[in-house]
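So the chains spell out like this:
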Amino acid sequence: MSEKKQTRTKKARADELLDELISECNGPEEIIGKNGLLKQLIKGLVERAMQGEMNHHLGYEKHNARGNNSGNSRNGKSQKTLKGDFGEMTIDVPRDRNGTFVPQIIEKNQTRFKGFDDKIISMYARGMTTREIAAHLEEIYGIDVSPDLISDVTNSVMEEVREWQNRPLDAVYPIVFLDAIRSKVRDDGHVKNKAVYLAIGVNLRGLKEVLGIWVQQTEGAKFWLQVVTELKNRGVQDILIACVDGLKGFPDAINAVFPQTDVQLCIVHMVRNSLKFVSWKDKRELAKDLRKVYRAVSEEQAKEKLDEFSRKWDDRYSMVSKSWRENWENLIPFLAYPEDIRKAIYTTNAIESMNMSLRKVTKNRGSFPNDDAVVKLMYLALRNISKKWTMPIRDWGKALNQFAIIFDGRVPSELD
């Protein structure tokens, strides 16, 4: 009999058996309910699999004469309670007389089915607190899981976080965005408003990449100096353009470590800060008019567009054009870049989306118990966000060619 025909035969027999079992059930509750057929099937399959493992361990099947005087034999069962999507389940675990049997399908000290911890971590990464997760598991699966257990599960990623935070980085990043958001953290018995520093790079393949997360009491150029120093220690040899906010001393901190880097006031920050002053009904139109300023083909045209913006909006939002004029000198370098590089820099969707997602997952928390808790949640949230960063920035090939011309000798001729 061919392998394909054997597969079809097995499936037909399985379907026939399932049809027979389902026919004996009265309604969905008896199939997928708390003690329904599905739970019984899982329990039966797991226990039979462990019996198979025991047969392999001993070298003979139950009641087989080969076991006589073999030096080891079955020695009853112990019970273990496991948690999973189906609720709680008590499993009979076979034992051997010598105590050497260790099942693989249900490992020693395992109290939850594989994949269950991943669900807890997934809920945590989406902003649910430990108590909300516990309540959700109780409501959906009827499982009593303590907040402490959930904390233990989520804390298990901290080793992964530390490895990620210290991983080697690429030698060259054409663009790096340096940003900070605020979070409330308990420190020495007091809740403090701390800065969570983020470095987001665009690598030579045009892909966005979170380079690291740091927590500090306040946002300042001195700490940013530590951040860029760490990036260098992890392998970064050159940053072509660093996009930053208007923090005093920031450019000096970057150039102290990367003296050739062009430091550019971040268009993302300028637009974001400008829209803070604007009512919801005007935001779309005002943002469209601002786009004409930073997408102008020259500094002269940009000034003209800013004057037009002022005439239209200053009666309602004079602080917007005032802010752009005050920071004009720090924006001029941006206007000197070719269009392809400018597009790569002001592609704000990913950065803005990232910040919105991070604020969403932190808004349910009055405060974090410590710095590690902040880093843990930010890492998990960013891990989810970065799964979508699978494609290069649009027209990245054109931008990279422009980088190679402007930053002569600093862009590797061959990419990894």
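For the structure, check the block above.
The rules behind these values
Residues numbered from 1 in each chain as written. Predicted model: local features only at pLDDT ≥ 70, side-chain atom pairs only at ≥ 80, totals over all residues. Heavy atoms only, no water. Helix = DSSP H or I, 4+ residues; strand = E, 2+ residues; numbered from the N terminus. Buried < 20%, exposed > 50% of the residue type's maximum accessible area, 1.4 Å probe, protein only. Areas by Shrake-Rupley, 256 points an atom, 1.4 Å probe, with all protein chains shown as cover. Core = buried A, V, L, I, M, F, W, Y, C linked by side-chain atoms within 4.5 Å. Contact = heavy atoms within 4.5 Å. Pairing = 2+ DSSP bridges. Axes fitted to C-alpha atoms, helices over the stretch in contact; angles between N-to-C directions.

Student: Could you clarify how one ought to interpret the overall build of the chain in this entry?
Tutor: Helix and strand content of the chain: 17 helices and 7 strands. For the chain, with 416 residues in total, the buried portion stands at 44%. When the accessible surface of the chain is totalled, it reaches about 23500 Å², and 48% of it is carbon and sulfur.

Student: Looking at this structure, I do not really get the nonpolar core. What am I missing?
Tutor: Across soluble globular proteins, you tend to see nonpolar side chains buried next to one another. Counting 83 residues, the largest nonpolar core has Ile-175, Ile-213, Ile-241, Trp-324, Leu-358, Trp-396 and Phe-403 as its most contacted members. At 10 residues, the largest contribution of residues to this core is made by helix α16 (residues 371-386). If we ignore the near neighbours within four places in the chain, the residues touching Ile-175 are Ile-200, Gly-201, Val-202, Ile-241, Cys-243, Ala-344, Ile-345, Trp-396 and Phe-403. Counting 24 residues, the second largest nonpolar core, distinct from the first, contains Leu-169, Ala-195, Trp-214 and Val-244.

Student: Even after reading the chapter, I still don't get the sheet that holds strand β4 (residues 190-202), so can you show me in this structure?
Tutor: Within a sheet, neighbouring strands are paired by backbone hydrogen bonds and run either parallel or antiparallel to one another. Taken in spatial order, the 5 strands make up an open sheet running β5-β4-β3-β6-β7, and their pairing is mixed. Looking at strand neighbours, the two that pair on one side only are β5 (208-216) and β7 (262-265), the edges of this open sheet. Looking at each pair of strands side by side, their axes are set apart by 25 degrees on average, direction ignored. Sheet topology places strand β6 (residues 238-244) next to β7; 4 bridges connect them, and they run parallel. Bridging from a neighbouring strand, Cys-243 pairs with Gln-264 of β7. This element, α16, spans β3 (172-187), β4 and β5 of the sheet and lies at about 165 degrees to β5.

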